[in-house]
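Take a look at the letters that make up each chain.
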Amino acid sequence: MFTNVWYVAERSANLRTEPLKVRMLGCDFVLFRDQQGKAACLSNVCPHRGANLAGGKCRDDGTVACPYHGWRFDRSGNCVRIPAQSEPGHVELPQAKVDSYPVLEQNGLIWVFLGDDVDAAAPPFNIPEVGDHNYRQIDFDEIWNCNFERAIEIDLDYVHSHFVHGAWGEEHRARPPDHVVEDYTDSGFNTHIIAKSQPNRGLWRFLRKEGKGVPSYLSFKLPGFCRNVKVFIGGVGSKMHFVFYNFSTPIDDHHVQGRLLFFRSFMKPSFFDKTNIKRNERAMREDRKICEEIYPKSSAAARDWEVQTEHDHLVGAFHRILRSLRDKGWQIDAKATQDLARDNKPLMIPSPARRKTASGWVFPEVPRIAPQKAAT
Ligand code: FES
Ligand SMILES: [Fe+2]
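Keep in mind that what you see is a predicted model, and the values were worked out from it rather than measured. (Residues numbered from 1 in each chain as written. Chains lettered and ligands numbered in written order. Predicted model: local features only at pLDDT ≥ 70, side-chain atom pairs only at ≥ 80, totals over all residues. Heavy atoms only, no water.)

S.K.: Would you mind going over the sheet that holds strand β16 (residues 226-231) with me for this structure?
M.R.: Strand pairing in a sheet relies on backbone hydrogen bonds. The paired strands run either parallel or antiparallel. Pairing is antiparallel in the open sheet, where 7 strands are placed in the order β12-β18-β17-β16-β15-β14-β13. Two strands close off the open sheet at either side, each with one partner strand: β12 (136-144) and β13 (182-185). This sheet shows a mean twist of 15 degrees between the axes of neighbouring strands, independent of strand direction. In the sheet, β13 pairs with strand β14 (residues 188-195) via 2 bridges, with the strands oriented antiparallel. Residue pairing across strands places Glu-182 opposite Asn-190, the latter belonging to β14. Of the strands in this sheet, β12, β15 (214-221), β16, β17 (242-252) and β18 (255-264) are in contact with helix α1 (residues 148-155), which crosses β17 at around 160 degrees. (Pairing = 2+ DSSP bridges. Helix = DSSP H or I, 4+ residues; strand = E, 2+ residues; numbered from the N terminus. Axes fitted to C-alpha atoms, helices over the stretch in contact; angles between N-to-C directions. Contact = heavy atoms within 4.5 Å.)

This is the structure we're talking about:
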């Protein structure tokens, strides 16, 4: 898992007037809204006696109050009130602070930056289809019992569609049309592919011209570990397309929270949702089964020996991005973290404030793997 990445922590609609606990990267966080309704994110462990801040309350001064002794923390993570001993604004315990993380709320999503170097990271992106009346939006949220990398790999893998979702009998169809990794940077890449359309059956006879290819565009975006796909389902030049954004947020090494935003530009009345929902749910169920049964759980553990083919180049590009994150020193050291966890001391994802003030924190940072390359 990786620090210094923007993650989708929650959907806006789920964060109301109560604080909310969210687990990401093996740590617990509290999301809450301040007096202006702006979302905030802090580490969830109270530095007084370790209580669960998310079990507390949002106060009208914009703070979250701990459920145990009422200490109040503002959105910057500073303790601004200890009801049992101080007047408001007179807290004299500088170590009474928790990590606070940058938050951006847009397109119905709450993005949280989990790391200490926000300037070095690719920022969240806009989703223009949200709120656009040309589209009908459906949302899907699911937790899978697999490492987050596995959930991403399957979306970048063209060949799986035929075997996992398709008709095994016509194996020649599994061969992808040529496509290449385009516009590669350490924060994403694109590809496009023109697939042969399936023979038109049923409703499709009226919607799609026979014989035209189906172009699809796929982007991987590092913020949110997002796969963004646009498929011109009605063929080349058609206005009929669907678009999805699939975000993956690692809960821990063995669980991932998926959030899918699915849009279609045709059959927009809600009456047609049922078919979309059924089809998407079936596809997710099929992908999920594969991902949850892969051994070993983490793809990092398998990268030395997996046999790669020419059709694994998108997965390869994804792994290259992960390597670049590791080379920057942003990968959490899973083994060292497990060893430290045995001491029962909570470990924190380092927040931007730790770069300014390294000392005075009650809880240590999660260990990260030292950069592999010397800085040049
Ligand atoms: S444990 Fe949070 S205020 Fe005491
Ligand atoms: Fe799939």
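Having seen the model, we can carry on.
S.K.: Whenever I open this one, the coordination of the iron ion (ligand 2) confuses me. Can you help?
M.R.: Four donors placed tetrahedrally about a metal ideally form angles of 109.5 degrees, and six donors placed octahedrally ideally form angles of 90 or 180 degrees. Within the protein, the atoms that donate to the iron ion (ligand 2) are His-160 (NE2), His-165 (NE2), Asp-287 (OD) and Asp-287 (OD), at distances of 2.1 to 2.3 Å. One way to put it: the 4 donor atoms around the iron ion (ligand 2) meet at angles of 57 to 134 degrees, and that makes the site irregular. The partly exposed category is assigned to His-165, whose relative accessible area is 25%. Its relative accessible area of 8% is what places Asp-287 among the buried residues. (Donors = N, O, S within 2.8 Å, 3.2 Å for Na, K, Ca; no water. Tetrahedral: all angles 85-135°; square planar, octahedral: opposite > 155°, others 65-115°. Buried < 20%, exposed > 50% of the residue type's maximum accessible area, 1.4 Å probe, protein only.)

S.K.: I tried to follow α1 on my own but got confused; where do I start?
M.R.: What sets the pattern is the α-helix's 3.6 residues per turn: residues three or four places apart point alike. Among the 8 residues that make up α1, 8 are buried, leaving the element largely enclosed by the rest of the structure. Among all positions in α1, only Phe-148, Glu-149, Arg-150, Ala-151, Ile-152, Glu-153, Ile-154 and Asp-155 are buried.

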